[in-house]
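Coordinate analysis (summary)
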Amino acid sequence: MKRQMAENIGLCLSLLGLWPGTAAAADAVITWNENAAKAATAACIHISGNGLAESRMYAMVHVAVHDAVNAIDRRSRPYAFDASVNGPVSVDAAVAAAARDVLVSVIANLPESPACVASGISEADALYAAAVTPIPNGPAKTAGVAVGQAAAAAIVALRAGDGFETTTWLDFDYPQGTEPGKWRFTPDGPPLAFASNYGQVTPFVLTHNGQFWPGPPHPLSSKRYADDYNEIKLIGGDDITTPSTRTPDQTEIGVFWIESSPLAWNRLARAVSVDRGFDLWENARLFGLLNMAMADGYIASWEVKYHYSFWRPITAIREGDNDGNPATLGDPNWTPLQPTYPIPDHDSGHAVQGGVAAEILKQVFGTDDVSFTACSTTVGP
């Protein structure tokens, strides 16, 4: 896809809501896609950087939304709630109720502080009230709310016991590697492994967590490993402790993609969907597919990460003199541009998210030649 990066965070913040100039084309599905991001923000997910929980929440929201509108007018195959309703039904009420009930249920079980959980639930409730209050009272509104609530209950029940609530989010006892190439707690970081067993969470659509298994990292003794090592060593430094050959554009690109992948790719999908004139039912399918795929991408990626348990660049470069490869000279003080997440390196979670999201959009829109303007909350002015 073609992309044009936003020049500063001011432009990005203007894009966090509905796409400029297209509010009239927005429907309840797009509105609640944005509302889910607002609830996630209020629940501190973007502060904690828990894209795993965020992706699962968005997937459940949009399964419920899809199944609710599909029950009103069947256009595609349902996922968790297979029903058909007759008579006048407010689709806007159905979407709002489906999204709100899932958000409240999922946020209540997030691994965040009680204050963050309460804030997220309060935000979801306020957004729901703002959405349903303008809908005229009557049988259509009542029926819509009932359909939405039933669709939400179905996906919440289906995902109960999927392994999310037994995830070890902060694993201080994870066995660190000692051999060259094996992951260990991040230098200069917290002594823990993040979400060490998340790869065991039940996927939404994959037949099993290792369905698309990637190969292992390059052998430490190989030229390909040395080439990657030396490239990262040269351009990846923070330019404070560690000099870097990185250009300003490369720095901006690096900072740009630090943002939450679920937040960024849903925002992008909203923009393209509105631009292409998708209706509410088409959007229900689009965002259901996108978010289930991204949720499964994280699950599969975490299964791979903790299987290979490969060391991060900060460890690899500081230990470069001990890896057995004469082409990798170590630097015990090497410091990267951004803090290193406490997770193994291979494969890249951000790369998996970008790959799966771009492919879903390509399949749904029928092309990958799509122009859009992208922004990121992690790009400063």
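Just above, that's the structure.
Notes on the structure in this doc start here. Residue numbers here run from 1 along each chain, matching the order of that chain's written sequence. Residues qualify for local features only when their pLDDT is at least 70, as the model is predicted, and side-chain atom pairs are given and counted only at 80 or more; totals for whole chains, interfaces and linings, by contrast, use all residues. With hydrogens and water set aside, each side-chain value is computed from the structure's full complement of heavy atoms.

Digging into the layout of surface pockets
In this analysis a 1.4 Å probe is tested at points of a 1 Å grid over the protein atoms alone, and where it fits but cannot get out there is a cavity; an open set with protein on both sides within 12 Å along at least five of seven lines is a pocket; lining residues have an atom within 4 Å of a point. Grid points are joined across faces, edges and corners, and a volume is the space filled by probe spheres set on the points. Of the volumes computed, that of the second largest pocket is approximately 370 Å³. Every residue lining the second largest pocket is counted, 16 residues in all, and those nearest its centre are Leu 206, Phe 212, Ala 293, Gly 297 and Val 356. Numbering of helices and strands runs from the N terminus; a helix is a DSSP stretch of H or I covering at least four residues, while a strand is a stretch of E covering at least two. Sorting the residues of the lining of the second largest pocket by element identifies helix H11 (280–308) and helix H13 (349–365) as the ones contributing at least two each. Ranked by residue count, the leading element in the lining of the second largest pocket is H11, at 8 residues.

Focus: the packing of helix H2 (residues 28–42) against helix H10 (residues 261–275)
Between N-to-C directions, angles cover 0 to 180 degrees, with each direction set by a line fitted to C-alpha atoms, over the stretch in contact for helices. Look at H2 against H10: their axes get within 10 Å of each other, and the N-to-C directions meet at 160°. Between H2 and H10, the crossing angle belongs to the class labelled roughly antiparallel. Helix-helix and strand crossings are classified by hand; for H2 and H10 the assignment is left-handed. Side by side, H2 and H10 meet where Ile 30, Asn 33, Glu 34 and Ala 37 of the first sit next to Leu 263, Asn 266, Arg 270, Ser 273 and Val 274 of the second. For this scheme, ten residues count as nonpolar: Ala, Val, Leu, Ile, Met, Phe, Trp, Tyr, Cys and Pro. Four count as charged, namely Asp, Glu, Lys and Arg, and the remainder, Gly too, count as polar. A class-by-class count of the residues in the contact of H2 with H10 yields 4 nonpolar, 3 polar and 2 charged. What sets the label is the angle itself: under 35 degrees gives roughly parallel, over 145 gives roughly antiparallel, 65 to 115 gives roughly perpendicular, and the rest give oblique. Should the near helix be turned anticlockwise from the far one by less than a right angle, the crossing is left-handed, and should it be turned clockwise, the crossing is right-handed. Throughout, a contact is declared for two residues whenever any of their heavy atoms are within 4.5 Å.

Structural notes on the pattern of salt bridges
Pairing is possible between side chains that carry opposite charge, provided their charged atoms lie close to one another. When a carboxyl oxygen of Asp or Glu is within 4 Å of a side-chain nitrogen of Lys or Arg, the pair counts as a salt bridge. The tally for this structure, following the rule as stated, stands at 12 salt bridges. Where Lys 38 meets Glu 34, a salt bridge forms, and the shortest distance between an N and an O atom there is 3.6 Å. Of this pair, Lys 38 and Glu 34 both sit in helix H2, separated by 4 residues, roughly a single helical turn. Using a relative accessible area of 36% as the deciding quantity, one classes Lys 38 as partly exposed. Where Arg 100 meets Asp 125, a salt bridge forms, and the shortest distance between an N and an O atom there is 2.8 Å. Taken together, the residues Arg 100 in helix H5 (residues 91–107) and Asp 125 in helix H6 (residues 114–132) connect sequence positions 25 residues apart. Exposure classes here rest on a 1.4 Å probe applied to the protein chains alone. A residue is buried below 20% of its type maximum, exposed above 50%, and partly exposed in between. Of the residues examined, Asp 125 reaches a relative accessible area of 29% and is grouped as partly exposed.

Points about the environment of Ala 94
Turning to its location among the elements, Ala 94 is positioned in helix H5. Residue class for Ala 94 comes out buried when judged on its relative accessible area of 0%. For the pair formed by Ala 94 and Lys 141, sequence separation is 47 residues and the distance between their alpha carbons is 8.0 Å.

Some thoughts on the nonpolar core
Put simply, a nonpolar core is a bunch of buried Ala, Val, Leu, Ile, Met, Phe, Trp, Tyr and Cys residues held in one set by side-chain atoms that sit within 4.5 Å of each other. Membership of the largest hydrophobic core comes to 94 residues, with the highest contact counts inside it found for Met 57, Leu 103, Tyr 198 and Trp 302. With 14 residues, H11 is the largest single contributor of residues to this core. When neighbours within four sequence positions are excluded, Tyr 198 is seen to be in contact with Leu 52, Arg 56, Phe 164, Thr 167, Trp 169, Tyr 298, Ile 299 and Trp 302. Of all hydrophobic cores here, the second largest spans 9 residues; its members include Tyr 225, Ile 314, Ile 317 and Trp 334.

Here we look at a nonpolar patch on the surface
Each patch is assembled from residues with relative accessible area greater than 30% and no salt bridge, linking like charges that lie within 9 Å and nonpolar side chains (Val, Leu, Ile, Met, Phe, Trp, Tyr) that lie within 5 Å. Note on areas: Shrake-Rupley, 1.4 Å probe, and residue coverage restricted to the protein chains presented here. Taken together, the side chains of Tyr 79, Leu 158 and Val 205 make up a nonpolar region of the molecular surface, amounting to roughly 260 Å² of accessible area. In this fold, Tyr 79 is placed in the loop between helix H4 (51–72) and H5.

Fair warning: the whole summary comes from geometry, so function is off the table for now.
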